[in-house]
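Residue-level structure breakdown
Here's the letter readout for the chains.
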Amino acid sequence: MHMNNISGKDLLAIGYQQGKMLGLALEVLEKHYQGAEHEAVLTLMKDLLERPEAFLDHEILEDLATKMIEDAKEIENTIFLNNTSREFAVYGSEYIAAGAVAQMQTAMKLPVTVAGALMPDAHQGYGLPIGGVLAAKNAVIPYGVGVDIGCRMALSIFDITEENFLLNRDTYKRELIAHTRFGAGHGYHGKDRTDHAILDRNEFNLTQFIKALKDKAYSQLGTSGGGNHFVEWGIIEFAEDDQPLNIPKGKYLALLSHSGSRGMGATIAGYYTRLAKELCKLPREAANLAYLDMNSEAGQEYWLAMNLAGDYASACHEVIHDKLAKAIGGTLLAKVENHHNFAWKETWNGEEVIVHRKGATPAGKGVMGIIPGSMTAPGFLVRGKGEETAINSASHGAGRQMSRTAAMQHITRQEMQAMLQANGVTLIGAGLDEAPMAYKDINVVMEAQKDLVDIVAKFSPKMVRMADDGSKED
DNA sequence: ATGTCC
């Protein structure tokens, strides 16, 4: 008769699975069944595996039994990914890091995924990559939308000449500083706040959670935040007359802004991602792609909250543009606005789907958008071509070629100054992580998506405001 | 992206 000397191999042979449970079982055996007879312990462990509920009062095996029942429930609730990824189009694959492609491949295994595409500015994100487009059937993925819900570009084109701008740079600079506010957490207080119809929206009364966001939303209305957000004066050049916008060819002063839904959107994103992760258990590699059923209460709630955050982001741009237009006394010729980090109900390949564009620009046929380059590189006013394989999308910028950390380490202030000077750009704020050299060449990115958008006009930044280094200003 | 788990 040989004594207990049970190994992991023995437990695997009687049906235990590789993992945490196996380790716990071995620990218990070592501690409590050291001298017991081998066959008897094996029978006991087999019994435990088959009927853990019979051991809930067992002096030694109680904890193991409880854990087994919990594990079984979790496995039962896990939603499995498909074994293979659905195919998806990649634009400019030579510029996209492997990590972003791998994230997209995981997203293409979700049971709700219908189609996907990767834009040429794609890089690794949280859940879905930035620059990732995902069409899902009757489901919305909070991290397929992203943290800064409804982040967008807004462009106002004024009937003001380049000469006027160059002659009055000081005035334009003063007004840009006076009417914009940057930095994480920053807002307006008291009489400095702006009233806007967005604050009267019924959705603010939807739940206690959303109601609690209203005060901050009021305070941050018309502010820009941090990171890659900016407000800038620039010169937009139309090489030809544009009929739809009714703008004759030529150069005009324009205002371009990039920002989102501030603290409100971030709080909504965090709350519903956590809820989605509770309701939708996916395997570890896809955990951040947890989705909400569009027919569920949580799904409908998120949809309304997301749309409110998007409209709030729009209101923020409206406030900024209104203030600055009034300050410079310009006549508005045209206004274009487009958002990313959002989900839309759209028809794709004949069926209704939820299209997530995380850092991707809508580019349906004839749909206008703005794709910025960097603080010195041009941005482009574009018109979508409605390419179905790209799910009617395009990039939302040039995309980074250096991480924030790498940019801080490798780019010097002097290099950035030289670049600004060479391009005649005045910069207010911004850290080295936003230096032009940290971004891909926008011309290469535009070339990679020439089947997705037509270029309508070229916008050259001339005076850029961003958040101060590290958003530490007060 | 956000006062980045006060």
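Residues numbered from 1 in each chain as written. Chains lettered and ligands numbered in written order. Predicted model: local features only at pLDDT ≥ 70, side-chain atom pairs only at ≥ 80, totals over all residues. Heavy atoms only, no water.

Structural notes on the sheet that holds strand 1 (residues 89–90)
As a reminder, the rule being used: Strand pairing requires that DSSP identify at least two bridges connecting the strands. Comment: elements are numbered from the N terminus, with helices defined as DSSP H or I runs of at least four residues and strands as E runs of at least two. The contact definition used throughout considers only heavy atoms, calling two residues in contact when any of these lie within 4.5 Å. Here an angle of 0 to 180 degrees is reported between the N-to-C directions of two axes, which are lines fitted to C-alpha atoms, with helices fitted over the stretch in contact.
Strand order in the open sheet made by the five strands is 1-2-3-11-10, with mixed pairing throughout. Lying at the two open borders of the sheet, with one neighbouring strand each, are strand 1 and strand 10 (342–348). Bridge analysis of strand 1 against strand 2 (residues 113–123) gives two bridges, and the strand direction is parallel. For Val90, the partnering residue across the bridge sits in strand 2 and is Leu118. Each of strand 2 and strand 3 (130–136) is contacted by helix 5 (residues 98–107), which is oriented at about 170° to strand 2, the strand it contacts most. Sheet contacts for helix 12 (residues 297–328): strand 10 and strand 11 (351–358); angle to strand 10, the most-contacted strand, approximately 110°.

Quick look at the protein's contact with DNA strand B
How we decide: One heavy atom within 4 Å of a molecule or strand is enough for the residue carrying it to be called near that molecule or strand. Nitrogen and oxygen atoms within 3.5 Å of one another constitute a polar contact, given that in protein one can donate a hydrogen and the other can accept it, and given that sequence-neighbouring residues count only through two side-chain atoms. Note that Gly is not counted as nonpolar here; it falls among the polar residues with everything else outside the nonpolar set of Ala, Val, Leu, Ile, Met, Phe, Trp, Tyr, Cys and Pro and the charged set of Asp, Glu, Lys and Arg.
In the neighbourhood of DNA strand B, 14 residues make up the surrounding shell, with Val147, Gly185, Gly226, Asn228 and Arg262 lying closest. Of what DNA strand B places within 4 Å of the protein, 68% of the atoms are sugar or phosphate. A distance of 2.8 Å is found between a phosphate oxygen of DNA strand B and a side-chain nitrogen or oxygen belonging to Arg262. Of all the elements in the fold, those that place two or more residues in the surface near DNA strand B are helix 10 (214–220) and helix 11 (262–279). The dominant element in the surface near DNA strand B, judged by the number of residues it contributes, is helix 11, at three residues. In the surface near DNA strand B, the residues fall into three nonpolar, eight polar and three charged.

Remarks on the domain arrangement of chain A
For interface size, the figure often reported is the accessible area lost on association. Heads up, the rule is: Domain extents, as shown, originate in an automatic or database domain assignment.
Split by domain assignment, chain A resolves into domain 1 (8–77) and domain 2 (142–465). A straight line from the C-alpha centre of domain 1 to that of domain 2 covers 54 Å.

Topic: the pattern of salt bridges
Pairs can form between side chains of opposite charge whenever their charged atoms are close. To be explicit about the condition: The term salt bridge refers to a side-chain nitrogen of Lys or Arg lying within 4 Å of a carboxyl oxygen of Asp or Glu. Throughout, exposure labels follow a simple rule: accessible area from a 1.4 Å probe, protein chains only, divided by the maximum for the residue type, with under 20% read as buried, over 50% as exposed, and the rest as partly exposed.
According to the stated counting rule, one finds 17 salt bridges in the structure shown. Among the salt bridges present, the one from Glu203 reaches Arg201, with a minimum N-O distance of 3.0 Å. Judged by its relative accessible area of 18%, Glu203 falls in the buried class. The salt bridge involving Arg383 is made with Asp242; its shortest N-O contact spans 2.8 Å. Taken together, the residues Arg383 in strand 14 (residues 379–384) and Asp242 in the loop between strand 6 (230–238) and strand 7 (250–259) connect sequence positions 141 residues apart. Judged by relative accessible area, Arg383 falls into the buried class, the value being 16%. The exposure class of Asp242 is buried, given its relative accessible area of 8%. If you follow the salt bridges from partner to partner, you end up with Arg400, Arg404, Asp433 and Glu434 in one network.

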